[in-house]
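This is what each chain is made of:
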Amino acid sequence: MGMGMGSDPMERLVKLASESAVVIFSVSSCCMCHAVKRLFCGMGVNPAVYELDQDPRGKELERALMRLLGNSQAVPVVFIGGKLIGSMDRVMASHINGTLVPLLKEAGALWL
Amino acid sequence: MENHRVGETGLTDSGPSSNYHHHAVLHGMNAPISSNFIHQNGSAFGFGELEEAIVPHGVELTNDEAKAPALFTRSRPSSATLAMLPSNWSLRFQQTPRESWNSRGESTDSVSSSAVNTLPSNQLQPESPISQKESSSADHHQPFNHKPLQQQQLEMASDISSLNQSAAQEKGRGSSSSEKQPDAKTLRRLAQNREAARKSRLRKKAYVQQLESSRIKLAQLEQDLQRTRSQGFFVGGCAAAFGNISSGAAMFDMEYSRWLEDDHRHLSELRTRLHAHLSDTDLQTIVDGYISHYDKIFRLKEAAAKSDVLHLITGMWMTPVERCFVWIGDFRPSELIKMLVSQLDPLTEHQVMGICNLQHSSQQAEEALTLGLEQLYHSLMDSIASGPVIHEMQQMAVALSKLANLEGFLHQADNLRQQILHQLPRILTVRQTARCFLVIGGYNQRLRALSSLWASHGPPEVLISDDQSCQTTDLQMVMVQQSQNHFSNF
């Protein structure tokens, strides 16, 4: 897991988010995070997962995520192709309305 | 002359008692350097009165202590009081080698208790703070006679004196009494107390407001109950009267029964309009109205989940037969879609693909949520199953916070259902969507009818048993029968 050096947490988030096609920020004990990971694995996608509770600067990243999303739940948060998708709500909505799969293909995370 | 400070601290109940003592004593020491104190008779610049307040009854202050201040150039409270000061309980005591205490057969775990319970008669001698009277080894209540303690008391005294000195400096700056120049700690303490009092007032205000709104809610509920009773529906309110469901659940059940009435009306209208061959635009309005009607129940569920998530997630608000098919609090979307495909011929190939993709995506989402929920259940099981009994309260607290996560899963499941309902009109034509809703509506109606038929075919004893849930079912059955009176075939 790439650890950014001494940078502002938001910058670190963006950097981490762009390092893989699908990036999930998670907390290892969070069951909803487990659900979102299983969703992607079930689709045949191999996401990069950052467990913030195992990162020494994880708390900072959690706070930055909360600010980014404007809600009290920092995780799970999904980035695809470096772009913010959102938390479980948004991921599910985009899967149902058919926009998730094209995004994944575009980012190279899914092949037909 | 006593130290007026004690009464003027404006301390509230919110401060811990140890702080009170500490603070009060500090104040005592700050009175200080009013030149009076050394010349006072029999009391340490008001410390005697202070000590009487702090030191519990039964611990007598000896003459030595009373005289102490007169002979000291620095203030020095009795060791009984000293021992109660929080600053005394820390490092210095820990640094004291415990063996020397243990050799006296003392338990040294709780310094404060020994301070309170002991009679420190063998106190500091006026002339020399360092000299000590060695008490006999038979004496079990003199921990303070040990040299380490003496040293510690010295250190404490020098702390106090330095405080006094700074206060003296303040005095030196020309104020006539120390009351006009309270030190920073006092100011901070006063501010904290004001803040605590303010917060307390705000809490009280919030509580009163909560009571008021509850009163209004109660009045409204009673009104609603009257109304629904007069219309012949017996759900929700009655169940609450039996006391087997929470008020949040009862309220939701009532709202749901009203929603069912609305649902029935919507579906009747949809059926009429569809058969009337309305223009697509007009039909669209009705279809949109029906989707909003579903949005409403999702909103109601979301609100109710805050007060009783278990009632919702276990499907207790549904009829028993519906409950067989419950998935995280309601219908399983992929099953519903599967049912629709067979009912919706003819569909274009594009539409078939759309519906199949929708079903497939739904299944994937359902699987993910199911796995996440399973992990939650396992985690919950672990937290209750393990650990020694001593930590039971902690265990319960952990389990409760895990249980709270159910709300998130119910929310996601309902979100999934709502998204799917919104997606249907994007794949299907208006007429197809209308037919879709009629199919779904009819299906649910038959499920509920099945439930009531099953209940009525049970043995007669069931209806008059003590089992509360049967009575609830009975009531729901009555409700269904009532709605079946204006039941029309779909």
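This structure is a prediction, so every number in the text was calculated from the model and none was measured.

Got a minute to help me understand the overall build of chain A in this structure?
Within chain A one finds five helices and four strands. Secondary structure elements in chain A, listed N-terminal to C-terminal, are α-β-α-β-α-β-β-α-α. Element-wise, carbon and sulfur atoms account for 55% of the exposed surface of chain A, whose accessible area totals about 5,300 Å².

Can you help me understand the sheet that holds strand β1 (residues 22–26) of chain A in this one?
Paired through their backbone hydrogen bonds, the strands of a sheet run either parallel or antiparallel. Residues and elements named next belong to chain A. Across the sheet, four strands lie side by side as β2-β1-β3-β4; this open sheet has mixed pairing. In this open sheet, the two edge strands, each paired with only one partner strand, are β2 (48–51) and β4 (83–86). The sheet shows a mean angle of 25° between the axes of neighbouring strands, taken without regard to direction. Of the strand pairs in this sheet, strand β3 (residues 77–80) and β4 are connected by three bridges, and their pairing is antiparallel. Paired with isoleucine 80 across the bridge in β4 is lysine 83. Helix α3 (residues 58–69) contacts β1, β3 and β4 of the sheet and is inclined by roughly 75° relative to β3.

Teacher, can you tell me more about the pairing of β2 of chain A here?
All names here are of chain A. Examined bridge by bridge, β1 and β2 share four bridges and lie parallel to one another. Within the sheet, the bridge partner assigned to valine 23 lies in β2 and is alanine 48. With helix α2 (residues 31–42) bridging β1 and the parallel β2, this β-α-β connection has right-handed handedness.

How should the pattern of salt bridges be read in this particular structure?
All names here are of chain B. This model, assessed by the stated rule, comprises 17 salt bridges over all chains. The partner of aspartate 414 in a salt bridge is arginine 417, with the nearest N and O atoms 3.0 Å apart. Linking aspartate 414 with arginine 417, this pair stays in helix α18 (residues 406–427), spanning three residues, or about one helical turn. Taken together, the shared-partner salt bridges in this structure form one network comprising Lys301, Asp330, Asp414 and Arg417.

Just to check I follow, could you spell out the packing of aromatic side chains for this structure?
The way to describe two aromatic rings as a pair is by their centre distance and the angle between their planes. For the structure shown, the criterion picks out ten aromatic pairs over all chains. Where phenylalanine 25 of chain A meets phenylalanine 79 of chain A, the ring centres are 5.7 Å apart and the plane angle is 85°; that geometry is what we call edge-to-face. Residue phenylalanine 25 of chain A is found in strand β1, and its partner phenylalanine 79 of chain A is found in strand β3; the two are separated by 54 residues along the sequence. Assessed through its relative accessible area of 0%, phenylalanine 25 of chain A is described here as buried. Owing to a relative accessible area of 5%, phenylalanine 79 of chain A belongs among the buried residues under this scheme. Centroid distance phenylalanine 252 of chain B to tryptophan 317 of chain B: 5.7 Å. Interplanar angle 80°. Geometry classified as edge-to-face. Of this pair, phenylalanine 252 of chain B sits in helix α12 (residues 247–275) while tryptophan 317 of chain B sits in the loop between α13 (280–313) and α14 (320–324), and the two are 65 residues apart along the sequence. Both residues of the pair, phenylalanine 252 of chain B and tryptophan 317 of chain B, belong to the buried class. Ring pairing ties together the aromatic residues Phe252, Tyr256, Trp259, Tyr290, Tyr294, Phe298, Trp317 and Phe437 of chain B, which thus form one cluster. The ring of phenylalanine 331 of chain B carries the charged tip of arginine 417 of chain B above its face, separated from the ring centre by 5.7 Å.

Explain the environment of alanine 365 of chain B to me, please; I cannot follow it from the model alone.
Structurally, alanine 365 of chain B can be placed in helix α16 (residues 349–385). Judged by relative accessible area, alanine 365 of chain B falls into the buried class, the value being 1%. Through-space distance from the C-alpha of alanine 365 of chain B to that of alanine 413 of chain B is 8.8 Å; in sequence the pair is 48 residues apart. Apart from residues no more than four positions distant in its own chain, alanine 365 of chain B is found in contact with Leu39 and Met92 of chain A together with Leu416 of chain B.

It is not clear to me how the interface of chain A and chain B should be interpreted in this structure. Could you clarify?
As a measure of interface size, the accessible area lost when the parts come together is often cited. Counting from both sides, the interface comprises 16 residues of chain A and, opposite them, 21 residues of chain B. Regarding the contact of chain A and chain B, the summed buried area is about 1,600 Å², with carbon and sulfur atoms giving 67% of it. The three residues of chain A that bury the most area against chain B are Cys31, Met92 and Ile96 of chain A, which together make up 38% of that side's buried surface. Where chain A packs against chain B, one counts zero salt bridges. At the junction of chain A with chain B, the criterion picks out four residue pairs in polar contact (both at pLDDT 80 or more). When residues of the side of chain A that touches chain B are assigned to their parent elements, the largest contribution, seven residues, is made by α2 of chain A.

Hey, could you run me through the side chain of lysine 301 of chain B in this one?
Following the sequence through the fold, lysine 301 of chain B ends up in helix α13. Once residues within four sequence positions are removed from consideration, lysine 301 of chain B is found in contact with Phe252, Leu312, Trp317, Gly329, Asp330 and Asp414 of chain B.

Explanation requested: the side chain of glutamine 364 of chain B in the structure shown.
Within the secondary structure, glutamine 364 of chain B is located in helix α16. Look at glutamine 364 of chain B and you get buried, because its relative accessible area is 18%. Not counting residues up to four positions away in its chain, the partners in contact with glutamine 364 of chain B are Leu39, Gly42, Met43 and His95 of chain A.

What is the right way to read α2 of chain A from this model?
The α-helix winds at 3.6 residues per turn, so residues separated by three or four positions along the chain end up facing the same way. Residues and elements named next belong to chain A. With twelve residues, α2 extends 16 Å between its outermost C-alpha atoms, agreeing within 8% with the 16 Å of an ideal straight helix rising 1.5 Å per residue. Burial runs high along α2: nine of the twelve residues are buried. Of all the residues in α2, the buried ones are Cys31, Met32, Cys33, His34, Ala35, Val36, Lys37, Leu39 and Phe40. Residue glycine 44 follows α2 closely and has a positive phi angle near 90°.

How should I be thinking about the confidence of the model for chain B in this particular structure?
Caution applies to low-pLDDT parts of the model: their predicted coordinates are not meant to be read in detail. All names here are of chain B. Looking at chain B as a whole, the pLDDT averages 71, with 52% of positions reaching at least 70. Residue range residues 1–48 is modelled with pLDDT below 50. Its contacts to residues more than four positions away, or to other chains, number 86 contacts. The low-confidence segment residues 170–177 (pLDDT under 50) makes seven contacts with residues lying over four places distant or belonging to another chain. Across the assembled chains, the prediction reports ipTM 0.94 with pTM 0.57.

Just checking my understanding: could you explain the nonpolar core for this structure?
Phe25, Phe40, Leu65 and Leu104 of chain A together with Leu369 of chain B are the most contacted members of the largest nonpolar core, which totals 95 residues. With 14 residues, α13 of chain B is the largest single contributor of residues to this core. Ignoring sequence-local partners within four residues, the contact set of leucine 104 of chain A consists of Val22, Phe40, Met43, Val45, Ile80, Ala109 and Leu110 of chain A.

Quick question: what am I supposed to make of the packing of helix α1 (residues 9–17) of chain A against α3 of chain A here?
In helix packing, the relevant descriptors are the interaxial angle and the interaxial distance, both defined with respect to the helix axes. Residue and element names in this part refer to chain A. Closest axis-to-axis distance for the α1/α3 pair is 9 Å, and the angle between their directions is 85°. Judged by the angle between their axes, α1 and α3 are roughly perpendicular. On the side of α1, the interface is formed by Pro9, Met10, Arg12, Leu13 and Leu16, while α3 contributes Glu60, Leu61, Ala64, Leu65, Arg67 and Leu68. Tallied by class, residues from the contact of α1 with α3 come to eight nonpolar, no polar and three charged.

Quick notes on the rules
Residues numbered from 1 in each chain as written. Chains lettered and ligands numbered in written order. Predicted model: local features only at pLDDT ≥ 70, side-chain atom pairs only at ≥ 80, totals over all residues. Heavy atoms only, no water. Helix = DSSP H or I, 4+ residues; strand = E, 2+ residues; numbered from the N terminus. Areas by Shrake-Rupley, 256 points an atom, 1.4 Å probe, with all protein chains shown as cover. Pairing = 2+ DSSP bridges. Axes fitted to C-alpha atoms, helices over the stretch in contact; angles between N-to-C directions. Contact = heavy atoms within 4.5 Å. Right-handed = clockwise from strand over helix to strand, strands pointing away. Salt bridge = Lys/Arg side-chain N within 4 Å of Asp/Glu carboxyl O. Phe/Tyr/Trp six-rings, centres within 6.5 Å; stacked < 30°, edge-to-face > 60°. Buried < 20%, exposed > 50% of the residue type's maximum accessible area, 1.4 Å probe, protein only. Lys NZ or Arg CZ within 6 Å of the ring centre and 35° of its normal. Buried area = accessible area lost by both parts, 1.4 Å probe. Polar contact = N/O pair within 3.5 Å; in protein donor to acceptor, adjacent residues only side chain to side chain. Expected span 1.5 Å × (residues − 1). pLDDT = per-residue confidence, 0-100. Core = buried A, V, L, I, M, F, W, Y, C linked by side-chain atoms within 4.5 Å. Parallel < 35°, antiparallel > 145°, perpendicular 65-115°, else oblique. Nonpolar A, V, L, I, M, F, W, Y, C, P; charged D, E, K, R; others polar.

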